[in-house]
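Notes for the structure review
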Amino acid sequence: MLYITSRRDVVRRTPDVVVKVYGNVAQARLSLNDADLGAQTFENHMASWRVRLRPGKNRLSIQSGATQDSVTWVLAAPRDDQGE
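Details of the overall build of the protein
When you go through the protein residue by residue, the secondary structure sums to zero helices and eight strands. Ordered by position from N to C terminus, the α and β elements of the protein give β-β-β-β-β-β-β-β. Dimensions of the protein along its principal axes, counting C-alpha atoms only, are 50 × 25 × 20 Å. For the protein, the proportion of its 84 residues judged to be buried stands at 33%. A fraction of 52% describes how many contacts in the protein between residues 6 or more apart in sequence connect residues 24 or more apart. About 5,700 Å² of surface is accessible on the protein, with carbon and sulfur atoms providing 45% of the total.

Given below as structure tokens:
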């Protein structure tokens, strides 16, 4: 089992995020938009990666053998909170 957390928080406001994954595997490999971000060893059934999202849709995929999970997050344009 692999599970990427915060999957319902689809719209992201900052490009730099931590991707946290829970799993019952020893190691898994993360990819962002088909680019390999490397493997991490799971400790206490959890691993994390620091990633930088690009504007628009970002597909994150995690895989260990035949076990996999994926989510799509969207990096939104910054809001103008100045009221202009």
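Looking at the side chain of threonine 5
Along the polypeptide, threonine 5 turns up in the loop between β1 (2-4) and β2 (11-12). Relative accessible area serves as the criterion here: at 14%, threonine 5 is assigned to the buried category. Not counting residues within four places of it along the chain, the set of residues in contact with threonine 5 comprises Lys20, Tyr22 and Trp73.

Concerning a nonpolar patch on the surface
Where nonpolar side chains cluster on the molecular surface, the patch consists of Met1, Tyr3 and Tyr22 and spans about 310 Å² of accessible area. Secondary-structure assignment places methionine 1 in the segment before β1.

Cut-offs used in this document
- Residues numbered from 1 in each chain as written.
- Predicted model: local features only at pLDDT ≥ 70, side-chain atom pairs only at ≥ 80, totals over all residues.
- Heavy atoms only, no water.
- Helix = DSSP H or I, 4+ residues; strand = E, 2+ residues; numbered from the N terminus.
- Buried < 20%, exposed > 50% of the residue type's maximum accessible area, 1.4 Å probe, protein only.
- Contact = heavy atoms within 4.5 Å.
- Areas by Shrake-Rupley, 256 points an atom, 1.4 Å probe, with all protein chains shown as cover.
- Patch = residues over 30% accessible without salt bridge, like charges linked within 9 Å, V, L, I, M, F, W, Y side chains within 5 Å.
- Salt bridge = Lys/Arg side-chain N within 4 Å of Asp/Glu carboxyl O.

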